[in-house]
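Examining the three-dimensional arrangement
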Amino acid sequence: MEARVGKAVIELLQGDITEQDTDAIVNAANRTLLGGGGVDGAIHRAAGPQLLAECRTLGGCETGGAKITRGYKLKAKHVIHTVGPIYHAAGKKAPELLASCYQRSLEVASANKLTSIAFPSISTGAYGYPLEEAAPVALKAVLDYLKSHSDIQRVSFVLFGKDAYQAYQEALRDLWPSESKSN
Ligand code: AR6
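The structure contained in this document is the topic of the report that follows.

Basis of the calculations
Counting starts from 1 at the beginning of each chain's written sequence and moves along it residue by residue. The model is predicted, so local features are restricted to residues of pLDDT at least 70 and side-chain atom pairs to those at 80 or more, both for listing and for counting; the totals for chains, interfaces and linings are taken over all residues. Hydrogens and water are ignored here; the side-chain numbers use all heavy atoms of the structure. Relative accessible area decides the class of each residue, using a 1.4 Å probe on protein chains only: under 20% of the type maximum gives buried, over 50% gives exposed, and in between gives partly exposed. Only runs of H or I of at least four residues qualify as helices and only runs of E of at least two qualify as strands under DSSP, and these elements are numbered from the N terminus. Should DSSP find at least two bridges between two strands, the strands are taken to pair. Here, proximity means that at least one heavy atom of the residue falls within 4 Å of the molecule or strand. Any N or O atom pair separated by 3.5 Å or less is treated as a polar contact, with the protein-specific requirement of one donor-capable and one acceptor-capable atom, and with residues adjacent in sequence counted only for side-chain atom pairs. What sets the accessible areas is the Shrake-Rupley method with a 1.4 Å probe; for residues, cover comes only from the shown protein chains. Gly is placed with the polar residues, together with every amino acid not listed as nonpolar (Ala, Val, Leu, Ile, Met, Phe, Trp, Tyr, Cys and Pro) or charged (Asp, Glu, Lys and Arg). Under this scheme, a helix contributes an axis fitted over its contacting stretch, all axes are lines through C-alpha atoms, and angles between N-to-C directions fall in the 0 to 180 degree range. By the convention used here, residues are in contact when the closest approach between their heavy atoms is within 4.5 Å. Expected span of a helix, by definition, is 1.5 Å for each gap between consecutive residues, and there is one gap fewer than residues. Only residues whose relative accessible area exceeds 30% and that form no salt bridge enter a patch; like-charged residues are grouped when within 9 Å of one another, and nonpolar side chains (Val, Leu, Ile, Met, Phe, Trp, Tyr) when within 5 Å. Each reported salt bridge corresponds to a side-chain nitrogen of Lys or Arg within 4 Å of a carboxyl oxygen of Asp or Glu. Asp and Glu are treated as the negative residues and Lys and Arg as the positive ones, with His and the ends of the chain left uncounted. The location of each charge is read from NZ of Lys, CZ of Arg, CG of Asp or CD of Glu.

This part is about the pairing of strand S3 (residues 24-29). With respect to burial, S3 is a largely interior element, 5 of its 6 residues being buried. With 6 bridges joining them, S3 and strand S5 (residues 78-83) adopt parallel strand pairing. When the sheet's bridge partners are listed, Ala 24 is paired in S5 with His 78.

Structure (structure tokens):
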């Protein structure tokens with residue numbers, strides 16, 4: 001399923017983000033940036049040990065921030081590491097911190113002249129953000145960015161499993177009732 005925003009496309013895919021060949025894939029990391037489980041573990045395994053070596057030089061990252069590294073053995077040339085909010089710890093700030101992850105990741109992509117980027121569903125695994133609440137926040141943050149920046153051409157959400165895909169599909173239909181189309 002995809003939706004157009006000007007000349008850009010937002011697409012929803014069900015699959016494994018480590019297999020994407022976009023300019024960058026985004027990692028749902030923690031503040032140390034030194035690896036973990038979930039999508040973070042999968043990205044480090046697929047990229048190889050040089051990714052952790054570069055991450056050690058970054059000095060961590062604040063919640064809602066984003067930092068870039070090379071992609072090493074991944075098909076993607078770069079990894080943008082962002083740190084989502086822990087849902088129960090963030091309280092009322094959870095939506096703005098989650099939106100910041102998407103916005104800052106896109107800003108980092110633009111600053112590095114990248115045009116395609118793939119996101120996982122940040123914070124909806126170990127960090128406990130309900131999918132139905134996270135999906136509209138994520139899509140709206142990307143939409144707002146694309147409306148005011150013309151450099152990014154393709155934003156993919158690579159959803160791991162049917163539940164995540166369906167939550168984003170429903171949120172996309174709510175945001176773009178006339179423009180979204182299935183394919
Ligand atoms: N491709 C795409 N999505 C995936 C993949 C994959 N290969 N593997 C898992 N997901 P999580 P968080 C989905 O827990 O909630 C780590 O230990 C998963 O189904 O990876 O932001 C970090 O180091 C879920 O929908 O990230 C942090 O400590 C989504 O990715 C902490 O977990 C996010 O789940 C971050 O927690």
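Let's pick the thread back up.
Quick look at the site of the ligand now. Around the ligand, a shell composed of 21 residues is seen, among which Asn 30, Gly 37, Val 39, Asp 40 and Ala 126 lie nearest. Between the ligand and Ile 17 there is a distance of 3.0 Å, counted from a nitrogen atom to a backbone nitrogen or oxygen. In isolation the ligand has 700 Å² of accessible area, and contact with the protein removes 87% of it. Counting residues per element, the ones that place at least two in the shell around the ligand are S3 and helix H1 (38-47). For the shell around the ligand, the element with the highest residue contribution is H1, accounting for 4 residues. For the shell around the ligand, the residue count by class is 9 nonpolar, 10 polar and 2 charged.

Pairing is mixed across the open sheet formed by 7 strands, whose spatial order is S1-S2-S7-S6-S3-S5-S4. At either end of the open sheet lies a strand with only one pairing partner, and these are strand S1 (2-5) and strand S4 (66-70). Averaged over all pairs of adjacent strands, the angle between their axes in this sheet comes to 25 degrees, without regard to strand direction. Taken together, the 4 bridges between strand S6 (residues 116-119) and strand S7 (residues 154-159) define a ladder with parallel strand orientation. Looking at S7, one finds that Ala 118 is bridged to Ser 156. With respect to the sheet, H1 is in contact with S3 and S5, its orientation differing from that of S3 by roughly 130 degrees. Packed onto the sheet, helix H5 (residues 131-148) meets S1, strand S2 (8-14), S6 and S7 and runs at close to 155 degrees relative to S2.

Quick look at helix H4 (residues 94-111) now. Along its 18 residues, H4 runs 26 Å from first to last C-alpha, staying within 8% of the 26 Å computed at 1.5 Å per residue. Burial in H4 covers these residues: Ala 94, Leu 98, Ser 100, Cys 101, Tyr 102, Ser 105, Leu 106, Val 108, Ala 109 and Ser 110. Lys 113 occupies a position one or two residues after H4 and carries a positive phi of about 60 degrees.

Attention now goes to a negative patch on the surface. Where like charges cluster on the molecular surface, the negative patch consists of Glu 132, Glu 133, Asp 163, Glu 170 and Asp 174. Within the residue set of the negative patch, elements represented by two or more residues are H5 and helix H6 (162-175). Checked against the element boundaries, Glu 132 lands in helix H5. By relative accessible area, Glu 132 is classed as exposed at 59%.

Moving on, we get to the pattern of salt bridges. Opposite charge on two side chains allows them to pair when their charged atoms are near. All chains considered together, the criterion is met by 5 salt bridges. The closest approach of N and O atoms between Glu 62 and Arg 104, which form a salt bridge, is 3.6 Å. Note that Glu 62 is positioned in the loop between helix H2 (49-55) and S4 and Arg 104 in helix H4, a separation of 42 residues in sequence. For Arg 104, a relative accessible area of 32% corresponds to the partly exposed category. For Arg 104, the salt bridge goes to Glu 107, with nearest N and O atoms at 3.9 Å. Of this pair, Arg 104 and Glu 107 both sit in helix H4, separated by 3 residues, roughly a single helical turn. If you follow the salt bridges from partner to partner, you end up with Glu 62, Arg 104 and Glu 107 in one network.

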